[in-house]
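Here is how the chains run, residue by residue.
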Amino acid sequence: DEVTIVTVGSHTSLHILKGAKLEGFSTAVITTKDRAIPYKRFGVADKFIYVDQFSDISKEEIQQQLRDMNAIIVPHGSFIAYCGLDNVEDTFKVPMFGNRAILRWEAERDLEGQLLGGSGLRIPKKYGGPDEIDGPVMVKFPGARGGRGYFPCSSVEEFWRKIDEFKAKGVLTEDDVSKAHIEEYVVGANYCIHYFYSPLKDQVELMGIDRRYESSIDGLVRVPAKDQLELDIDPSYVITGNFPVVIRESLLPQVFDMGDKLVAKAKEEVNPGMLGPFCLQSLCNENLELVVFEMSARVDGGTNTFMNGSPYSCLYTGEPLSMGQRIAKEIKLALELDMIDKVIS
Ligand code: ATP
C-alpha cells in the first residue's frame, strides 16, 4: 500500500513534507485549524488532519487514522513535545522514522552527557554544585525551554543573587533551583552541525550547519559595553531564528570525526543507534576545538536554514537537498530494498 509521510505542522514540517513530495510520496499534516495557513499557502500537504489542540495527537482515534493511511511519522522537536515522550515510547503505535528509543537520550541531561562524553566528544566541564563555581559558568534548568532562565555567572555570590532575582520575577521555581545544571561557560563561535546517518549505506553525511539567533543575547551585543553596564540587563538565550553558516574547511575532519564517533557510540548504547538526522550544537573555542553543549537525536530546527539545500548537502549529488528530502530518499530506498524495518521504529 502507498505510504503517506506525516508530521505535525510546526518546527521543520515544511521541508519534511516538501521533501517527501519531491520524492513522490503523498503527505499529510497534523494541525489545528488556526495553524494550517502555512501548509495551505506553501502547498506542502496533500491531506490535513485537524486536531482541536496539539496534545490530541497522541489520542487513539488520531493514531487509528494514521495507521489507516499507512503513515510514517517523521518526529521533530514539536512533535515530541506535543505527543509527550512517554507516549512516543509506549502508547503511540504508528511507525516512526528513526529510532524512537534514542529520544530520551537527548531529553535527559545525564543520558545526553553519557552519550556525548562516552563518544569522546569535547563537552563543557560539569560542576557538582554552586559552591564549586571558580570561573565563568553557564547555569541551566530542566526541560527544553529555549534557554529561558539560563544565565552566565562567575562566582557563588553571583549565582545566588541571580537565582533570587529570577525567583522574584517568577522565571524560576524552587524546584528548578534544586535541579540547576552548572557547566563551564565556553567562549566561542556557535556551530550547530546537522548530520544524517544512513543505516542503509552505513554512512554519516554532513547536511548543513547553522548558528542560532537568540533573544535577548544577540540584541544585547549591539549595545556598547559601557551602556550594557549602565542598563544592567540580564541576558536570555531564547531561540528566535537561525542563520546558515559554513565552517573553515580545515575543521571538517573534526566535524566528520564527531559525527562518526557519536554514531558508533549510539549503536552500543541504544541499538540500532542514531538513525537519520541528528545535530550537535557546539561552540568553537580559540583553540579551534568544537565543544558540544547539546545534541538533537532527530531533525533539529536549524535545518530550516537549508530548505533548498546547503553548501554541504549540495556537494553529494550537485542537487539542492534539504534534510526533509534526505529523509524521504532513505524511506524510498528502504521500500525499494524491502528493508523498511531498518529505518523505522
Ligand atoms: P533548545 O531549545 O535549543 O534545546 P535549550 O533550552 O536546551 O535550548 P541550550 O541549547 O542548551 O538550551 O542553550 C541555549 C543557548 O545558551 C545556546 O544556544 C548558547 O548560546 C548558550 N549556551 C549553552 N551552553 C553554553 C555553554 N556551556 N557556554 C556558553 N554558552 C552556552
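Being a predicted model, the structure only gives us computed values, none of them experimental.

### Section: the site of the ligand
- In the neighbourhood of the ligand, 17 residues make up the surrounding shell, with Gly 147, Glu 183, Val 186, Glu 214 and Glu 294 lying closest.
- One of the side-chain N or O atoms of Tyr 150 is found 2.9 Å from an oxygen atom in the ligand.
- Contact distances for the ligand include 2.5 Å between an oxygen atom and a side-chain N or O atom of Glu 294.
- Going through the elements one at a time, strand S6 (137-140), strand S8 (181-184), strand S12 (276-284) and strand S13 (290-296) are the ones with two or more residues in the shell around the ligand.
- Among the residues making up the shell around the ligand, the classes are represented as eight nonpolar, three polar and six charged.

### Points about the nonpolar core
- Ranked by internal contacts, the top residues of the largest apolar core, which has 32 residues, are Ile 193, Ile 247, Met 274 and Leu 280.
- It is helix H12 (residues 252-269) that provides the largest number of residues to this core, a total of six residues.
- In contact with Ile 193, not counting residues within four places along its chain, are Leu 206, Gly 208, Ile 209, Val 255, Met 258, Phe 278, Cys 279, Leu 280, Ser 282 and Leu 290.

### Some words on the pattern of salt bridges
- Counted according to the given criterion, the structure contains 25 salt bridges.
- One salt bridge in this structure joins Asp 46 and Lys 21, with 2.5 Å as the shortest N-O distance. With Asp 46 in the loop between helix H2 (37-41) and strand S3 (47-50) and Lys 21 in helix H1 (residues 13-22), the pair connects residues that are 25 residues apart, well separated along the chain.
- With a relative accessible area of 39%, Asp 46 lands in the partly exposed category.
- Residue Glu 289 pairs with Arg 122 through a salt bridge whose shortest N-O separation is 3.6 Å. One end of the pair, Glu 289, is in the loop between S12 and S13; the other, Arg 122, is in the loop between helix H7 (109-118) and strand S5 (126-127), with 167 residues separating them in the sequence.
- Residue classification places Arg 122 among the partly exposed positions, given a relative accessible area of 33%.
- Overlapping salt bridges, with partners in common, bring together Asp 86, Glu 89, Arg 104 and Glu 108 in one network.

Analysis parameters
- Residues numbered from 1 in each chain as written.
- Predicted model: local features only at pLDDT ≥ 70, side-chain atom pairs only at ≥ 80, totals over all residues.
- Heavy atoms only, no water.
- Near = heavy atom within 4 Å.
- Polar contact = N/O pair within 3.5 Å; in protein donor to acceptor, adjacent residues only side chain to side chain.
- Helix = DSSP H or I, 4+ residues; strand = E, 2+ residues; numbered from the N terminus.
- Nonpolar A, V, L, I, M, F, W, Y, C, P; charged D, E, K, R; others polar.
- Core = buried A, V, L, I, M, F, W, Y, C linked by side-chain atoms within 4.5 Å.
- Buried < 20%, exposed > 50% of the residue type's maximum accessible area, 1.4 Å probe, protein only.
- Contact = heavy atoms within 4.5 Å.
- Salt bridge = Lys/Arg side-chain N within 4 Å of Asp/Glu carboxyl O.

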